[in-house]
Amino acid sequence: MEAPHNPADAPGAPSLPGTAPQNTSQSGPQNGSQSGSRPTREARIAVDSAARMTELGRRLAVRLRPGDLVMLTGELGAGKTTLTRGLGEGLGVRGAVTSPTFVIARVHPPLGGGPALVHVDAYRLGGGLDEMEDLDLDVSLPDSVVVVEWGDGKVEDLSDDRLHVVIHRVVGDTDDDRRTVTLTGYGARWADADLALD
């Protein structure tokens, strides 16, 4: 999947800052599949503020369950950690969700009966899954929601079923908060999932 340079040019992007998020959803195989499995579901959602990105995470959390692998892709400052903060709020986990860059991974236990959130930042890991063995993600995955920032080419082998979230933002020196978030489900787990997040 190739990211557009300007989210205003992407389908579902807002025409002006402050407009409400819109989304579209379609099923069937899409181009740009990654290793392991083919995309089965895709949706694009326009977001125009950090608060709306957090809210998007809360709404997405409702659709997640133990064993889900979520890969987050986007430039520095795109909103990956902000989205993950919303996921943590929606899942009802303990602890503030912050960037795990310097510790590689953080585990947020559930406050209730839901799954734990394992938040991984793979930015500094140059290799593939072999470099991540010490994190025991394959052990954590069945009972947790595992969210990996910068995981492209590194964690796809953990599961054929995964949700890839790509955040496109306006590039350059700008205060424009508009983002286009593309959610692509891979594998049977996501084949019938509603990613529209209405």
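In what follows, the accompanying structure is described. Each chain carries its own residue numbering, running from 1 in the direction its sequence is written. Owing to the predicted nature of the model, reporting of local features is limited to residues with pLDDT of at least 70; listing and counting of side-chain atom pairs is limited to 80 or more, with chain, interface and lining totals taken over all residues. Side-chain measures here rest on the full set of heavy atoms in the structure, leaving out hydrogens and waters.

## A word on the environment of Gly-114
Helix numbers and strand numbers start at the N terminus; a helix is a DSSP run of H or I with at least 4 residues, a strand a run of E with at least 2. Examined against the element boundaries, Gly-114 turns out to sit in the loop between strand 4 (105–108) and strand 5 (116–121). Judged by its relative accessible area of 32%, Gly-114 falls in the partly exposed class. Considering only alpha carbons, one finds Gly-114 and Pro-66, 48 residues apart in sequence, at a separation of 8.0 Å. Between buried and exposed lies partly exposed: a residue is buried under 20% and exposed over 50% of the maximum accessible area for its type, with that area taken using a 1.4 Å probe on protein chains only.

## Thoughts on the pairing of strand 7 (residues 162–169)
Most of strand 7 sits out of view: eight of its eight residues are buried. Of the two faces of strand 7, both are covered, the one formed by Arg-162, His-164, Val-166 and His-168 as well as the one formed by Leu-163, Val-165, Ile-167 and Arg-169. Sheet topology note: the strand 3 (residues 69–74)/strand 7 ladder contains five bridges and is parallel. Its bridge partner being in strand 7, Thr-73 is matched across the sheet by Val-166. Here, any two strands with at least 2 DSSP bridges between them count as paired. Inspection of the sheet shows strand 7 paired to strand 8 (residues 179–186) by eight bridges, in the antiparallel sense. Following the sheet pairing, Ile-167 is matched in strand 8 by Val-181.

## Details of the pattern of salt bridges
Between side chains of opposite charge, pairing is possible as soon as their charged atoms come close. When a carboxyl oxygen of Asp or Glu lies within 4 Å of a side-chain nitrogen of Lys or Arg, that pair is called a salt bridge. Counted according to the given criterion, the structure contains eight salt bridges. Put simply, Glu-55 and Arg-59 hold a salt bridge, and the shortest N to O gap is 3.9 Å. Linking Glu-55 with Arg-59, this pair stays in helix 1 (residues 50–61), spanning four residues, or about one helical turn. We classify Glu-55 as partly exposed; its relative accessible area is 31%. The network of salt bridges with shared partners includes Glu-55, Arg-58, Arg-59 and Glu-89.

## As for the pairing of strand 6 (residues 144–149)
Most of strand 6 is tucked away, with six of its six residues classed as buried. Neither face of strand 6 is open: one carries Ser-144, Val-146 and Val-148, the other Val-145, Val-147 and Glu-149, and all of them are buried. Sheet analysis places strand 3 next to strand 6, joined by four bridges and oriented parallel. Within the sheet, the bridge partner assigned to Leu-72 lies in strand 6 and is Glu-149. Two elements, strand 5 and strand 6, share six bridges in a ladder whose sense is parallel. Across the sheet, the residue bridging to Val-120 is Val-148, located in strand 6.

## Some points on the packing of helix 1 against helix 2 (residues 80–91)
The geometry of helix 1 relative to helix 2 is characterised by a closest axis approach of 6 Å and an angle of 45 degrees between their N-to-C directions. Here helix 1 lies oblique to helix 2, going by the angle between them. Seen from above, helix 1 lies across helix 2 with right-handed handedness. Between helix 1, through Ala-50, Met-53, Thr-54, Leu-56, Gly-57, Arg-58, Leu-60 and Ala-61, and helix 2, the contact on the second element is made entirely by Thr-82, Leu-83, Gly-86, Leu-87, Glu-89, Gly-90 and Leu-91. Here the axes come from fitting lines to C-alpha atoms, over the contacting stretch only for helices, and the angles between their N-to-C directions go from 0 to 180 degrees. By the definition adopted for this analysis, an angle is roughly parallel if under 35 degrees, roughly antiparallel if over 145, roughly perpendicular if from 65 to 115, and oblique otherwise. Take the far helix as your reference; a near helix turned counterclockwise from it by less than a right angle gives a left-handed crossing, and one turned clockwise gives a right-handed crossing. Residues are treated as being in contact if the distance between any of their heavy atoms lies within 4.5 Å.

## Points about the environment of Val-146
With respect to the helices and strands, the residue Val-146 is situated in strand 6. Between the C-alpha atoms of Val-146 and Leu-117, which are 29 residues apart in sequence, the distance is 6.0 Å.

## Considering the nonpolar core
Residues belong to one nonpolar core when they are buried, are Ala, Val, Leu, Ile, Met, Phe, Trp, Tyr or Cys, and are joined through side-chain atoms within 4.5 Å. Counting residues in each nonpolar core, the largest one holds 28 residues, and the members touching the most others are Leu-56, Val-70, Leu-163, Val-165, Val-181 and Leu-183. Broken down by element, this core gets its largest block of residues, four residues, from helix 1. When neighbours within four sequence positions are excluded, Val-181 is seen to be in contact with Ala-43, Arg-44, Ile-45, Val-47, Met-53, Leu-56, Val-165, Val-166 and Ile-167.

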